[in-house]
Amino acid sequence: MKINKVLIALSLFATVSINYAQPKQKSNSETRQFIENAEITQINKDWNIKAEFKSGLGEVVSFFPVEAIDLKSNKKVNSLQMDMTVIYQFAGRNTNYFKSSWIDLNEVEEFIVFIEQYVIPNLKDKTERKQSVTYIFNSREITFSFYIEKSTRRISIYLKDNGSTDYEHYFWTETQVSKIPELLTMLKEIK
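Structure report, in brief. All values reported here derive from a predicted model rather than from experimental measurement.

Take glutamate 141: it is sitting in the loop between β6 (132–138) and β7 (142–149). Looking at glutamate 141, the relative accessible area reads 0%, which means it is buried. A distance of 3.2 Å separates a polar side-chain atom of glutamate 141 from the backbone nitrogen of tryptophan 102.

Attention now moves to the layout of surface pockets. The volume enclosed by the largest pocket comes to roughly 190 Å³. If you trace the largest pocket, you find 14 residues lining it, with Ser55, Leu57, Glu59, Tyr170 and Trp172 closest to the centre. Of all the elements in the fold, those that place two or more residues in the lining of the largest pocket are β4 (76–90) and β9 (164–173). Top element by residues in the lining of the largest pocket is β9. It accounts for five residues. A class-by-class count of the residues in the lining of the largest pocket yields six nonpolar, five polar and three charged.

The next subject is unusual backbone geometry. Despite not being glycine, asparagine 74 has its phi angle at roughly 65 degrees, a positive value. Looking at the element boundaries, asparagine 74 is found in the loop between β3 (60–70) and β4. Residue class for asparagine 74 comes out exposed when judged on its relative accessible area of 52%. One non-glycine residue, lysine 150, adopts positive backbone phi at about 55 degrees. By relative accessible area, which is 47% here, lysine 150 ends up partly exposed.

By the definition in use, this model includes 13 aromatic pairs. On the numbers, 6.3 Å between centres and 40 degrees between planes, the contact of phenylalanine 114 with tyrosine 118 is tilted. With phenylalanine 114 and tyrosine 118 both in helix α3 (residues 105–119) and four residues apart, the pair spans about one turn of that helix. We classify phenylalanine 114 as buried; its relative accessible area is 6%. Tyrosine 118 gets classed as partly exposed once you look at its relative accessible area, which sits at 38%. Counting every residue linked through ring pairs, the aromatic cluster contains Phe53, Phe63, Phe111, Phe114, Tyr118, Tyr135, Phe137, Phe144 and Phe146.

Rules of the game
Residues numbered from 1 in each chain as written. Predicted model: local features only at pLDDT ≥ 70, side-chain atom pairs only at ≥ 80, totals over all residues. Heavy atoms only, no water. Helix = DSSP H or I, 4+ residues; strand = E, 2+ residues; numbered from the N terminus. Buried < 20%, exposed > 50% of the residue type's maximum accessible area, 1.4 Å probe, protein only. Polar contact = N/O pair within 3.5 Å; in protein donor to acceptor, adjacent residues only side chain to side chain. 1 Å grid on protein atoms, 1.4 Å probe; cavity = no way out; pocket = protein on both sides within 12 Å on 5 of 7 lines; lining within 4 Å. Points joined across faces, edges and corners; volume = space filled by probe spheres on them. Nonpolar A, V, L, I, M, F, W, Y, C, P; charged D, E, K, R; others polar. Phe/Tyr/Trp six-rings, centres within 6.5 Å; stacked < 30°, edge-to-face > 60°.

Now the structure itself:
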């Protein structure tokens, strides 16, 4: 009987320890939570301030400011929206995948610092043979990666849901890296 109590206590202790030892996943953006919790929402998009990247396959990622309004309470949230359309293979056919994600304004400031300090100064960098460098920015809903290998530079954008990264549907381009300064200009305009 005493052995059973000890085993039960040890298994409870192990379960609690494992749960607390695992890293907590970040939730979705405050903007997504605001939109999902409102019964009636209006979203105003400003297409005058936009940064856009396109891949050779016709995939597109657009960044632009938005204002979400809960029409019942009249509360408002300003944010950066990112719309992404990518192409992926399913059952031997090309299929379009579209998703919107948001970067909260408090994360926009961090995104600006990331681009100014780590991406722009390295836009023309090269690496030695068999070496590469990757700079990664993580927000609650996207991961933005800037990769350098030899003279090749690439940006990749991955989406997240509840902190889990979607590695199946993502955007990447090598030809649009020179447009990163346009993204920085747009981010500074909305901040």
